[in-house]
Amino acid sequence: MEFDYNIPIYLQVARRIKSQIASGLLRPGDKLPSNLDLAIEYKINPNTVQRIYRELENEGISFTRRGIGTFVSEDETVVSRLRQEMSAEVTAAFLKEMQAIGFSPEQILAAITAALAAQNNPETGKDGFYAEI
């Protein structure tokens, strides 16, 4: 993982873990890597890992069983909420960027529609997406 040094590393790794949960790669009840394993995987300080897991626990996304490890919350509504929050963040960032480069709401909708059509039709590819805007 390449870090953006304008954003605290613990927030970036926490976001990556949240993405893995939201995408289903990590499921409710799954055990998260140990502090040492996560520190090695991301080449970060073990104290940073503690902060990441503390952040996830504070948000209700994970829980720790002393002596056993840290686990993804078993509450399905937490995963659903996480997916909705991440969707809202990504959508807001996308809309902000599109508006910043001068797209109207109608053009943004047309771009999304064209991109989805191109993605679902491998023969169209990228060129079909750009031709539609």
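It should be noted that the structure appears before, not after, this text.
The notes below deal with the structure included here. As the structure is a computational prediction, the values presented were derived from the model and not from experiment.

What about the overall build of the protein chain?
The secondary structure content of the protein chain amounts to six helices and two strands. Tracing the protein chain from N to C terminus, the helices and strands come up as α-α-α-β-β-α-α-α. Against the globule reference of 14 Å for 133 residues, the protein chain gives a C-alpha radius of gyration of 19 Å, more extended than a compact globule. Taken along the three principal axes of its C-alpha coordinates, the protein chain extends 55 × 30 × 25 Å. Taking all 133 residues of the protein chain together, 28% fall into the buried category. At a minimum sequence separation of 6, the contacts of the protein chain that also span at least 24 residues come to 47%. Only carbon and sulfur atoms are counted for the fraction: they give 52% of the accessible area of the protein chain, which is about 9,100 Å². If the 14 positive side-chain charges of the protein chain are averaged to one point and the 18 negative ones to another, these points end up 8 Å apart.

Let's talk about the packing of aromatic side chains
Following the criterion strictly, the structure yields one aromatic pair and no others. Arranged with centres 5.6 Å apart and planes meeting at 20°, the rings of Phe 63 and Phe 71 form a pair that is stacked. The exposure class of Phe 63 is partly exposed, given its relative accessible area of 22%. The exposure class assigned to Phe 71 is buried, which follows from its relative accessible area of 9%. Above the ring of Phe 71, the side-chain terminus of Arg 65 is found at 5.4 Å from the ring centroid.

Quick look at helix H1 (residues 9-23)
Taking 1.5 Å per residue, 15 residues should reach 21 Å; H1 reaches 21 Å between its end C-alpha atoms and fits that length. Along H1, the residues classified as buried are Tyr 10, Gln 12, Val 13, Ala 14, Ile 17, Lys 18, Ile 21 and Ala 22. Lining the buried residues of H1 we find helix H2 (35-42), helix H3 (46-58), strand S2 (69-72) and helix H4 (76-100).

Regarding the environment of Glu 2
Structurally, Glu 2 can be placed in the segment before H1. Taking the C-alpha atoms as reference points, Glu 2 and Tyr 42, separated by 40 residues in sequence, lie 9.2 Å from one another.

A closer look at the pattern of salt bridges
Using the criterion set out here, one finds three salt bridges in the structure. A salt bridge links Arg 15 to Glu 89, with the nearest nitrogen and oxygen atoms 3.0 Å apart. Pair noted here: Arg 15 is in helix H1 and Glu 89 is in helix H4, with a separation of 74 residues, a long-range link. Judged by its relative accessible area of 34%, Arg 15 is partly exposed. With a shortest N-O distance of 3.1 Å, Glu 85 and Arg 81 are connected by a salt bridge. Of this pair, Glu 85 and Arg 81 both sit in helix H4, four residues apart, roughly one helical turn.

As for H4
Side chains of residues three or four places apart in an α-helix project in the same direction, reflecting 3.6 residues per turn. An ideal rise of 1.5 Å per residue puts 36 Å on 25 residues; H4 measures up with 36 Å between its terminal C-alpha atoms. Along H4, the residues classified as buried are Val 78, Val 79, Leu 82, Met 86 and Met 98. Contacts from the buried residues of H4 go to H1 and helix H5 (105-120). Immediately beyond the C-terminal end of H4, within one or two residues, lies Gly 102, with a positive phi of roughly 95°.

Rules and cut-offs
- Residues numbered from 1 in each chain as written.
- Predicted model: local features only at pLDDT ≥ 70, side-chain atom pairs only at ≥ 80, totals over all residues.
- Heavy atoms only, no water.
- Helix = DSSP H or I, 4+ residues; strand = E, 2+ residues; numbered from the N terminus.
- Rg over C-alpha atoms; globule rule 2.2 N^0.38 Å.
- Buried < 20%, exposed > 50% of the residue type's maximum accessible area, 1.4 Å probe, protein only.
- Contact = heavy atoms within 4.5 Å.
- Areas by Shrake-Rupley, 256 points an atom, 1.4 Å probe, with all protein chains shown as cover.
- Lys, Arg positive; Asp, Glu negative; His and termini not counted.
- Charge placed at Lys NZ, Arg CZ, Asp CG, Glu CD.
- Phe/Tyr/Trp six-rings, centres within 6.5 Å; stacked < 30°, edge-to-face > 60°.
- Lys NZ or Arg CZ within 6 Å of the ring centre and 35° of its normal.
- Expected span 1.5 Å × (residues − 1).
- Salt bridge = Lys/Arg side-chain N within 4 Å of Asp/Glu carboxyl O.

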